[in-house]
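Analysis of the macromolecular model
The chain contents come next:
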Amino acid sequence: MNERLHSVLAQRGVSPESLAEACEVDPKTVGRWLGGRVPHPRHRFSVAQHLRVEETFLWPVQLSRSGRPGTGLGSGEIIGTYQNRASVPRDTWLALLQGAQRQIDVLIFSGTFFAQTNPHVAKMLAERAATGVRVRLCFGDPSGNAAATRGREEGIGDTLAAKIRASLTYYRPLLPEAGCEVRLHDTTLYNSLFRYDDDLLVNPHVWGQPASANPLFHLRRVDAMGWFDNYAQSFDAVWAGARPWIPDPEGTASHGQD
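Here goes a summary of the coordinates provided.

Section: the overall build of the protein chain
Along the backbone of the protein chain there are eleven helices and nine strands. Within the protein chain, the proportion of its 258 residues that are buried is 49%. For the protein chain, the share of sequence-separated contacts (at least 6 apart) that also reach a separation of at least 24 residues comes to 68%. As displayed, the protein chain offers around 12600 Å² of accessible surface, 51% of which is attributable to carbon and sulfur atoms.

This is the structure we're talking about:
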């Protein structure tokens with residue numbers, strides 16, 4: 001069985017029949033690929049392009065199309081890349097959230113897209129927490145120096161702080177839920193992080209540009225001390241220094257406590 005191909009198809013929401021059509025082969029051929037048969041080079045390339053993953057991740061023991069051994073990127077932790085965060089399919093976000101069994105960690109400044117693309121996100125997070133998933137959401141402190149600096153760099157001034165306050169209102173229902181925590185950080189945010197068990201979406205920040213316009217890559221944990229664990233540890237460090245969010249009586253502004 002090609003477990004990696006099975007996994008990526010599920011993550012992308014692509015059926016074997018749809019992949020067969022995109023690669024111009026019979027669905028039975030895709031069935032054989034899923035069963036472990038290695039496609040011809042042109043089909044390997046087509047599959048990788050269609051699924052937006054490295055060819056060497058799906059078939060790590062094969063040579064790359066140039067005839068040289070793979071670099072190891074695809075056979076390691078990177079299972080997908082996106083030109084920008086906005087191009088990540090909504091179904092991918094939903095599948096990762098709904099499939100989490102142990103933990104969900106989110107590190108962002110405002111993350112307005114998170115609720116705008118999924119208006120039921122708070123309810124879904126609460127449902128995951130009810131099954132035993134640990135949910136940790138870490139937003140930028142709207143009154144902090146880091147948010148003010150980032151707003152100036154993006155040329156939007158105080159708008160970022162306002163976006164954070166607006167975004168937080170979606171998550172107020174989570175505060176009384178067991179297993180859910182919301183905190184505020186005041187750190188320089190080099191990457192937005194979205195962790196779902198052993199899957200991690202990393203959104204690097206490019207100076208002066210909104211996070212939605214910046215690249216995103218999808219990591220899956222392979223072993224300790226790889227890229228995945230480095231990013232996971234950075235989340236833990238920011239989380240440890242962040243403050244619990246306590247809404248004001250109107251629920252729109254926010255502050256922390258020492």
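So much for the structure itself; the text now carries on.
Digging into helix α8 (residues 121-130)
With seven of its ten residues buried, α8 lies for the most part within the structure. Those residues of α8 not exposed but buried are Val121, Ala122, Met124, Leu125, Ala126, Arg128 and Ala129. Note on α8: the residue one or two positions beyond its end, glycine 132, has a positive phi of about 110°.

Topic: unusual backbone geometry
For residues besides glycine, phi is generally negative; the peptide bonds are generally trans as well. Look at glutamate 24: it is not a glycine, yet its phi comes out positive at around 60°. Within the secondary structure layout, glutamate 24 lies in the loop between α2 (16-23) and α3 (27-34). Classification of glutamate 24 as exposed rests on a relative accessible area of 74%. Despite not being glycine, arginine 52 has its phi angle at roughly 60°, a positive value. Relative to the elements of secondary structure, arginine 52 occurs in the loop between α4 (41-51) and α5 (55-58). Judged by relative accessible area, arginine 52 falls into the partly exposed class, the value being 31%.

Thoughts on the environment of arginine 165
As for its position among the elements, arginine 165 is in helix α10 (residues 159-168). Arginine 165 sits in the partly exposed class, given a relative accessible area of 28%. Arginine 165 sits 82 residues away from proline 247 along the chain, and the two C-alpha atoms are 9.5 Å apart.

Focus: the packing of helix α6 (residues 90-99) against α8
Viewed as axis vectors pointing N to C, α6 and α8 meet at an angle of 30°, and their least axial separation amounts to 9 Å. For the element pair α6 / α8, the angle class is roughly parallel. Of the residues in α8, those touching α6 at Leu94, Leu97 and Gln98 are Val121, Met124, Leu125 and Arg128. Residues belonging to the contact of α6 with α8 are distributed by class as follows: five nonpolar, one polar and one charged.

Things to note about the environment of tryptophan 239
As for its placement among the helices and strands, tryptophan 239 is situated in helix α11 (residues 227-241). Looking at tryptophan 239, the relative accessible area reads 4%, which means it is buried. Between the C-alpha atoms of tryptophan 239 and aspartate 105, which are 134 residues apart in sequence, the distance is 9.7 Å. Apart from residues no more than four positions distant in its own chain, tryptophan 239 is found in contact with Arg134, Arg136, Leu137, Cys138, Glu181, Val182 and Arg183.

Remarks on the packing of aromatic side chains
The tally for this structure, following the rule as stated, stands at ten aromatic pairs. With 5.8 Å between their ring centres and 80° between their planes, phenylalanine 113 and phenylalanine 194 make a pair best called edge-to-face. Of this pair, phenylalanine 113 sits in helix α7 (residues 112-116) while phenylalanine 194 sits in strand β5 (residues 191-196), and the two are 81 residues apart along the sequence. Each member of the pair, phenylalanine 113 as well as phenylalanine 194, carries the same accessibility label: buried. Taking 5.3 Å as the distance between ring centres and 50° as the angle between the ring planes, the aromatic pair formed by phenylalanine 139 and tyrosine 171 counts as tilted. Of this pair, phenylalanine 139 sits in strand β3 (residues 134-140) while tyrosine 171 sits in the loop between α10 and β4 (180-185), placing them 32 residues apart in sequence. Residue class for tyrosine 171 comes out buried when judged on its relative accessible area of 1%. Through successive ring pairs, a cluster of aromatic residues spans Trp93, Phe113, Phe114 and Phe194. Just above the ring of phenylalanine 113 sits the side chain of arginine 85; from NZ or CZ to the centre is 3.7 Å.

So, how was this worked out
- Residues numbered from 1 in each chain as written.
- Predicted model: local features only at pLDDT ≥ 70, side-chain atom pairs only at ≥ 80, totals over all residues.
- Heavy atoms only, no water.
- Helix = DSSP H or I, 4+ residues; strand = E, 2+ residues; numbered from the N terminus.
- Buried < 20%, exposed > 50% of the residue type's maximum accessible area, 1.4 Å probe, protein only.
- Contact = heavy atoms within 4.5 Å.
- Areas by Shrake-Rupley, 256 points an atom, 1.4 Å probe, with all protein chains shown as cover.
- Axes fitted to C-alpha atoms, helices over the stretch in contact; angles between N-to-C directions.
- Parallel < 35°, antiparallel > 145°, perpendicular 65-115°, else oblique.
- Nonpolar A, V, L, I, M, F, W, Y, C, P; charged D, E, K, R; others polar.
- Phe/Tyr/Trp six-rings, centres within 6.5 Å; stacked < 30°, edge-to-face > 60°.
- Lys NZ or Arg CZ within 6 Å of the ring centre and 35° of its normal.

Function cannot be inferred from these measures alone, as they are strictly geometric.
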